[in-house]
Amino acid sequence: MKKRYQTKKGVCSAIAFCLLLVAFNSGCKKFLDIPAPNTQQVTSTVFNNYASATSAQVYIYTQMAGGESYNMARSMGLYSDELTNYATDNIDAQLYTNSLQALSNPGPWNTTAYKYIYDANAVIDGLATTSGCSAAVKGQLTGEALFIRAFWHFYLTNIYGDVPLVLTTNSIVNESSARSPRKLVLQQVVADLEQAKDLLNANYVTAADTVTTTERVRPNKAAALALLARAWLYLGDYDGANAQDYVKADSAASAVIANSNYSLVPLNNVFLENSSEAIWQLETPSNATSDTPDGLNFILTSAPASGRSQTALSTQLVSTFESGDQRLVNWVGTFTSGTATYYYPFKYKQIAYENQEFTMVLRLGEQYLIRAEAEAHESKIADAQADLNSIRTRAGLPNTTAATPSDLLTAVLHERQVELFTEWGSRWFDLCRAVSAKLPVNANTVMGAPGNACQSKGGAWSSTGYQLLFPVPLTQILDNKNLTQNPGY
Amino acid sequence: MQLNALCKSCKLLLTPQTLRCMKITAFLVFLFTLHLSAATIAQTVTLSEHKVPLEKVLNDIRQQSGYVFFYNQDWMQQSKPVDLEVKNLPLEQALKAAFKDQPFDYAIVNKTIVLKLKEKPVPAPNAQAQAVTITGKVTNELGEPMSGATVKQKDNPANGTLTDTKGNYTLTVPDDKTVIEFSYIGFEPQEFAAKDLPAGSVIKLKAAENNLQEVVINKGYYDEKRELSTGDVGIVTAKTIQEQPVFDPIQALIGRVAGLNIQQTSGVPGAYATINIRGVNSLLNGNDPLYVVDDVPFSSVTLTNASIGGGALGNSIPQGSNVTGVPLPNGGTSTGLSPFSAINPDDIESIEILKDADATSIYGSRGANGVVLITTKKGKAGDTRVNFDVSQGIGQVGHFVDMLNTQQYLQAWHQAYKNDNLPFPSIQTNQYDGNYSIDGVWDTTRNTNWQKALIGGTAHYTNAQGSISGGTANTQFLIGGGYSRQTTVYPGDYNDRKGSLHFSLNHASSNQRFHVQLTGSYMNDNNIVPPVDFTGLINLPPDAPTLHNPDGSLNWAFYNGGHTFDNPLASAVSTNASVTNNLISNLDLSYKILPGLMIKSDFGYNHDEMNQTNLIPSTSWFPPFNTISALRSNTFATTVDQGWIINPQLTYQKQIAKGQLHVLIGATLQQSSSQSIAEQASDFANDALITNPQAANSFSLLNNVYSLYRYEAYVGRLNYTWDDKYLFNATFNRDGSTRFGPGRQYGNFGAVGAGWIFSKEKLVSDNLPWLTFGKLRASYGTSGNDQIGDYQYLSTYSINSTQYQGTNGLYPTVLANPNFSWEVDRKLEVGLDLSFFGDRISPSVSYYQNRTSNQLVSYPLPVQTGASSFEYNLPADVQNSGWEVQLNTVNIKTTSFTWTSNINFTAPQNKLLAFQGLATSSYSSYYTIGQSLYSQLLYQYTGVNSQTGLYTFKTQNSNGKPSAPQDQYLTPPITQKYYGGISNDFTYKGFSLDIFFQFVKQLGYSYQYYYYPIASGGFNINNVPTAELTAWQAAGQSANVQKFSTSSSANNLYNDFKKSNAAITDASFIRLKNVSLSYRLPEAWQHWAGMKNARVYIQGQNLYTFTKYVGLDPETQGLTLPPLRVIMAGVSASF
């Protein structure tokens, strides 16, 4: 009797406890529904209003302003004939001696380029489905994102040759995509820019996306045209000197040159904030302690080995300026240590944060040279000479003596060397496409001939010319079976 | 009616209102359950009873009057049926009538009626049954009095007492045949009949150290006697921890428990150790066990903010890959300050390592990698005791590497140029000229031993601990405090100071039904380490300049306008300080509702906070940068981890036939959150201002991270033991975790275990008398792993602190994947526990096999996807299996001398069983199906070419240059083959000597992996160990080190060498891990000084390492500070 009674009590207690657990459960049904962290914003809400959508796009510029211009200028400068290396770092040594290894790849493939492309694709995807932004905002931001996607595909293909084309945020698709031929990549670059050109505002906009400003720090229609002009030119060279491509390069560059917003300015004003020569600049981000990474790092205040970039301008470059070239006076600085004199890029004059200069990405000077080159291909001799002379005149030089298309092409290549040195690796890419365009002065002749650049840097230029392309980073090949290595590595 | 029954059984009332409140939370409900409320209804009663049990009458009275009865249920057997007819009778009179013939007295206290058994009439006195009063003394084996020992009548435990401070007791028992039991925790109980205890007799209790099967092991949700356990649990007790001069409890576990693999990453105070239980289950993520301190989960993730880093402790970056970028299976761990350094080892009573499914399944999704339960010390009944323990000691690097001296070093450089057929560069040339010579600038007559200069110092240790404890049989307390200070072997004033407080309070109601326990541990840890581990600089050239100029300033060895020396002491002027405050507290309540039925819950809270500061004055730069204000910075971060946990549960225990049934049902609610903010202030006008961020001209927020984790679970356990011979245990867990996306949060886990104590079978015990104990056990079950970051399923954007056009950037946080779910681990174990000759020889063997599927990994992606990884359930199965052997022996045991040994041995094996689509996945270059995860695909080294002096490899194409993947071959597992520990404990009178060896058989990375060859690439000026002197020098010579060379081709071959099997070497070692010698002062001295348990001791850690490994240490391998050799001496005593 007693036993049964107690058991009953025990059972009842257990039942009551179970009821408690059920209560516990229903009371805490929402226990596992946790909110998004207050430090983050759920993706679907980001593109619901112009402000956060803009934030997603300008993040790319903040990151690019952190040193892409300088990194590209330094890496490609060391790799080509622009800079002399004083760093003891192993990767710098490999770059400098053109002996890159797949394992320690210093290019942008495995660092930032594809992140920018992803961020841009995310903006394109996010805006495609939202109804929270006006058509004008959508157009501007989508245009900018397309522009960025084109911009980085353009640099990737110039450095690595064939590269994967990434046009979606879908990682399942992207993780296994193989390398597309360089021509196809350049064609996609052109297609993206053509679309961007139509979407972008003709003026520069503020963070409100539709309000016009004098700050040239967001890509606009002219920026798309300027990059388009360059892309057509490159495509022409890599497309077996396709005449149509040069015509399109000519026409895109003409559209920019004809735009009254832009004009050539005195040498020392070119790199100032919002200079009339600027087509697109990167603003100095709020956390920066210097105006531009280029100014901070390239300017020598001590011998280059203890400088920030541990580089100086090469003697090859310095000796190539014609006498009287004002660019040697205004854009090249000198530092003397003991008996040694070092030259450094002095386009940007500020080391600290002075709110004077922005990082230049695209400028009018290049457009004149692009058009001159295209015109030379089109055999428009006088026009080509005129455009080339616009640049030479500003530099205090007499008019060009080149009068045939091939002489003009060589003259433009030289002019690009002294006009665009240490700007986004321009020199190296010019030398490479000169190989395709079969110009007498090209990467193989400049780097490879005995006693020439590569050997004087302590390296050896292969007769196969495999060093024209960087190796595909080994880590990427390991992570994506469909990637192949460039020959020679 | 049922509810009434419940209420009565509880002797309290649950009002309907209370019931309605049930829905709120279990916490409140639980409190209500304990809430006593008695409603007053009437003061008179009306009863009409006829031959009913007394209990029913009492119930009726209670219902009418609102008075509650307190009595012992068992007494009701003695009650007599009641006949009663009263109407509106005052309560007092009704009671009088009801109790007329009952064997009870009663008393009314407020609204409670307390029943008491009437004194039994004393039987007529006779010689055989006369109450006797015994007096005597209880001591330990050494004759020292034991206070607080329990002396009680065996058949009536209520009649008992505790010994006083001198060990004396007095107890009256009914007759001289009564059996009296003497007991004390940790000692073997003894029984004597009263007649065998003449007045003043002394009972000596023997320490129960060898009674392995009696040990009660904590399995978190429940406790269990080891004898009756079907699971596998390793235990490390306070004794073992305190014998070791360590400041992080994890370090005290190294080599002590089979299956527990701990690798120290560095000898810097507060450094992290990599820990895993029974191997690595997860390919890349989360192989940390679950840590629980006093029922409160403790995060093993460092609080070190990644934006600041831990300086010499390393940064808190995931160590998912080794130096070559190859993912290693030890991913998910991190360096930085070890969170365990905020737990005082001296506060710990025991650490339990839960290994198999039987023990871990109840932890559900948190238990896959095992569970480490840390239990802190509790007060013990007895007189108030004051304990103290003070020690001091020193630490040094135990072993240095033989490095080249200047002469050998320069010779190697000359040899390099000779090998390259290049003229040795003129020493006159400019340092920045390609023709520069290494001995052109620096004084070639200098010879600095950088190991002596940078890590050759002596670290000093101070440790002081004190506690007060005591209490009565019902209430015990302990309050402890500690202070410790460690310095480092580096030049400079670095140290780690800790102050801690620990308390514990236990109380039981006088009827032993209600128990409450409150524990708390608090520590303040102030850790200051250099910004870098200077061990990384011991390969500086031996001819490098002096650290200081004659005027005391830092020497930069300027030459031609540039500095030629990165003075290591310059970085030493910057500091990396972190202050940790850690609080762990737990409240444990339990109530025995009925005999065998218990309701309980614990409420835990922890708060772990770290404040970090990293000050970089401009003087840490070489001139002229040492005056640039922008280079002065103060980076500071605050990281707060906090969490709470509630574990309500109901347990029921009942004897059914010859079996004992245990049932547990319970729940867990857990929340933990982490908030971390790092900020940087820079650009100060001068170095003196950098401590105050307000003085900075530039300010930025480096990161701001918040995460929240919640976990809920319903757990159950059913255990049935038949005749103490056949054991069955089943556990169940259904839980949910917020680390998974909607629809994938819940999982079910469970395990069954069974055991057979065959030594209790008559057939066995009759025929094998020497077999004291024998148990065969097996278990199988599942547990899960959710050790991934929070919110990985959620696609979000994070805010960037930098502004552009006045607006902040937003960036995609992670590549989100909403579809991943649990990683499931299936554990199988079979074990045999034996004991021979009365526990003199006790071996135990276990075989385990854990299979983890649905691998939850941070899946590496090619960056073309925009991210380098995302969370993903890999269709892969990893198996960890192995043998674990434990052997305890009592070799010699006499009254004055004992020698015991303890050996543990683990031979783990790891195998990738299946991996769907491995060939096309990004893992194909790292893993091979059917092989260990620790095996790597590396180039096959084929020696140094005797003609060219260059490294050669097995290659498919003829150019001699290996390339991935076609020239890669599988290596043996680069990990432990087996490991374990051997301890020998000797006691002789007052002396006690414990010697512990740790042994590890393993493969590791050779010194060549970490030391760049001399002159390599023409750039590397770093020094190398003398082992490199065997380098190839002339044609025809066979050598195992490539020639010295400045050429880039030789440098490239060295890089290939690092990626080849030649960089893998035997890194096995036997370490004299610990020696502890203590001497207990003679009784007479102690008595004179009024002390008890007074000891002096000397302890040594990492005393000597036997190894063939070339390098500082085979455990930490590379250029990191090895675990130090520590020697400490101290005294401890109590009053």
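Residues numbered from 1 in each chain as written. Chains lettered and ligands numbered in written order. Predicted model: local features only at pLDDT ≥ 70, side-chain atom pairs only at ≥ 80, totals over all residues. Heavy atoms only, no water.

K.L.:
Would you mind going over the packing of aromatic side chains in detail, with residue names and values included?
P.N.:
Under the defined criterion, the tally for this structure stands at 68 aromatic pairs over all chains. With a centroid separation of 5.5 Å and an interplanar angle of 90°, the aromatic rings of Phe 151 of chain A and Trp 424 of chain A are classed as edge-to-face. Taken together, the positions of Phe 151 of chain A in helix H7 (residues 135–160) and Trp 424 of chain A in the loop between helix H17 (405–419) and helix H18 (426–436) put the pair 273 residues apart, joining distant regions of the chain. Of the residues examined, Phe 151 of chain A reaches a relative accessible area of 0% and is grouped as buried. With relative accessibility at 3%, the residue Trp 424 of chain A sits in the buried group. Ring centres of Tyr 221 of chain B and Tyr 363 of chain B lie 5.3 Å apart, and the angle between their planes is 55°; this geometry places the pair in the tilted category. Here Tyr 221 of chain B is found in the loop between strand E13 (216–218) and strand E14 (223–225), whereas its partner Tyr 363 of chain B is found in the loop between helix H7 (357–360) and strand E21 (371–376), with 142 residues between them in sequence. (Phe/Tyr/Trp six-rings, centres within 6.5 Å; stacked < 30°, edge-to-face > 60°. Helix = DSSP H or I, 4+ residues; strand = E, 2+ residues; numbered from the N terminus. Buried < 20%, exposed > 50% of the residue type's maximum accessible area, 1.4 Å probe, protein only.)

K.L.:
If you had to explain unusual backbone geometry to someone new, which residues and values would you point to?
P.N.:
One can expect most non-glycine residues to show negative phi and most peptide bonds to be in trans. Of note, the phi angle at Gln 310 of chain A is positive, near 50°, even though the residue is not glycine. If you trace the backbone, Gln 310 of chain A turns up in the loop between helix H12 (293–298) and strand E6 (311–313). Of note in the backbone geometry, Asp 723 of chain B takes a positive phi value of approximately 60° without being a glycine. Turning to its location among the elements, Asp 723 of chain B is positioned in the loop between strand E33 (698–722) and strand E34 (726–737). According to the relative accessible area criterion, Asp 723 of chain B is partly exposed, its value standing at 28%.

K.L.:
So what's going on with the packing of helix H16 (residues 381–394) of chain A against H17 of chain A? Which residues, and what values?
P.N.:
A pair of packed helices is characterised by two quantities: the angle between their axes and the separation of those axes. All names here are of chain A. The N-to-C vectors of H16 and H17 enclose an angle of 25°; their axes lie 11 Å apart at closest approach. Judged on the interaxial angle alone, H17 and H16 are roughly parallel. H17 is crossed by H16, and the crossing has left-handed handedness. Contacts from Ile 381, Ala 384, Gln 385, Leu 388, Ile 391, Arg 392 and Arg 394 of H16 reach H17 at Pro 405, Leu 408, Ala 411, Val 412, Glu 415 and Glu 419. Residue composition of the contact of H16 with H17, by class: eight nonpolar, one polar and four charged. (Axes fitted to C-alpha atoms, helices over the stretch in contact; angles between N-to-C directions. Parallel < 35°, antiparallel > 145°, perpendicular 65-115°, else oblique. Left-handed = near helix turned anticlockwise from the far one by under 90°. Contact = heavy atoms within 4.5 Å. Nonpolar A, V, L, I, M, F, W, Y, C, P; charged D, E, K, R; others polar.)

K.L.:
Can you tell me about the confidence of the model for chain B, naming the residues and giving the values?
P.N.:
Residue and element names in this part refer to chain B. For chain B, per-residue confidence averages 84 on the pLDDT scale, and residues scoring 70 or more make up 91% of the total. Mean pLDDT across the secondary structure elements of chain B bottoms out at helix H3 (residues 26–34), with 37, and peaks at strand E52 (residues 1069–1080), with 96. Contacts from residues 1–42, a stretch scored under 50 in pLDDT, to residues over four places away or in other chains number 66 contacts. With pLDDT under 50 throughout, residues 121–127 is counted as low confidence; its partners more than four residues away or in other chains account for zero contacts. What the predictor reports for the complex is a pTM of 0.74 with an ipTM of 0.89. (pLDDT = per-residue confidence, 0-100.)

K.L.:
Describe H16 of chain A, with residues and values.
P.N.:
Between the first and last C-alpha of H16 of chain A there are 20 Å, a value that for 14 residues agrees with the 20 Å anticipated at 1.5 Å per step. Just downstream of H16 of chain A, Gly 396 of chain A is the residue with a positive phi angle, here 75°. (Expected span 1.5 Å × (residues − 1).)

K.L.:
Just give me the short version of the interface of chain B and chain A, but keep the residues and values in it.
P.N.:
Each side of the interface is counted separately: chain B has 97 residues, and chain A has 88 residues. Summed over both sides, the interface between chain B and chain A buries roughly 8,400 Å², with carbon and sulfur atoms accounting for 63% of that surface. By the criterion of area lost to chain A, the three top residues of chain B are Tyr 804, Gln 805 and Gln 864 of chain B, representing 12% of everything that side buries. Taken together, the connections running from chain B to chain A amount to zero salt bridges. The element best represented in the side of chain B that touches chain A is E33 of chain B, accounting for 10 residues. Class assignment for the residues of the side of chain B that touches chain A results in 47 nonpolar, 43 polar and seven charged. Bridging between strand E1 (residues 40–42) of chain A and strand E37 (residues 796–804) of chain B involves three bridges; their strand directions are antiparallel. What sits directly across from Gln 40 of chain A, in E37 of chain B, is Ser 798 of chain B. (Buried area = accessible area lost by both parts, 1.4 Å probe. Salt bridge = Lys/Arg side-chain N within 4 Å of Asp/Glu carboxyl O. Pairing = 2+ DSSP bridges.)

K.L.:
Would you mind going over the pattern of salt bridges in detail, with residue names and values included?
P.N.:
Under the criterion given, the structure shown has 58 salt bridges over all chains. The partner of Asp 250 of chain A in a salt bridge is Lys 380 of chain A, and the shortest N-O contact between them spans 2.7 Å. Highlighted residues: Asp 250 of chain A in helix H11 (residues 243–257) and Lys 380 of chain A in the loop between helix H15 (364–377) and H16, separated in sequence by 130 residues. Accessibility expressed as a relative area gives 31% for Lys 380 of chain A, which makes it partly exposed. With its nearest N and O atoms 3.4 Å apart, the salt bridge here joins Asp 994 of chain B to Lys 239 of chain B. Of this pair, Asp 994 of chain B sits in strand E50 (residues 991–1005) while Lys 239 of chain B is found in helix H6 (residues 238–242), placing the two residues 755 residues apart along the sequence. On the basis of relative accessible area, Asp 994 of chain B is assigned to the buried category, the value being 3%. Under the relative-accessibility criterion, Lys 239 of chain B is labelled partly exposed at 46%.

K.L.:
A description of the sheet that holds strand E6 (residues 132–140) of chain B should follow, citing residues and the corresponding values.
P.N.:
Residue and element names in this part refer to chain B. Read from one edge of the open sheet, three strands run E9-E6-E12, paired in mixed fashion. Each edge of the open sheet carries a strand with a single partner, namely strand E9 (168–173) and strand E12 (201–205). Strand after strand, the sheet turns through a mean of 40° between neighbouring axes, direction not considered. Pairing geometry for E6 and E12, over five bridges, is parallel. Opposite Val 138, over in E12, you have Ile 203 as the bridge partner.

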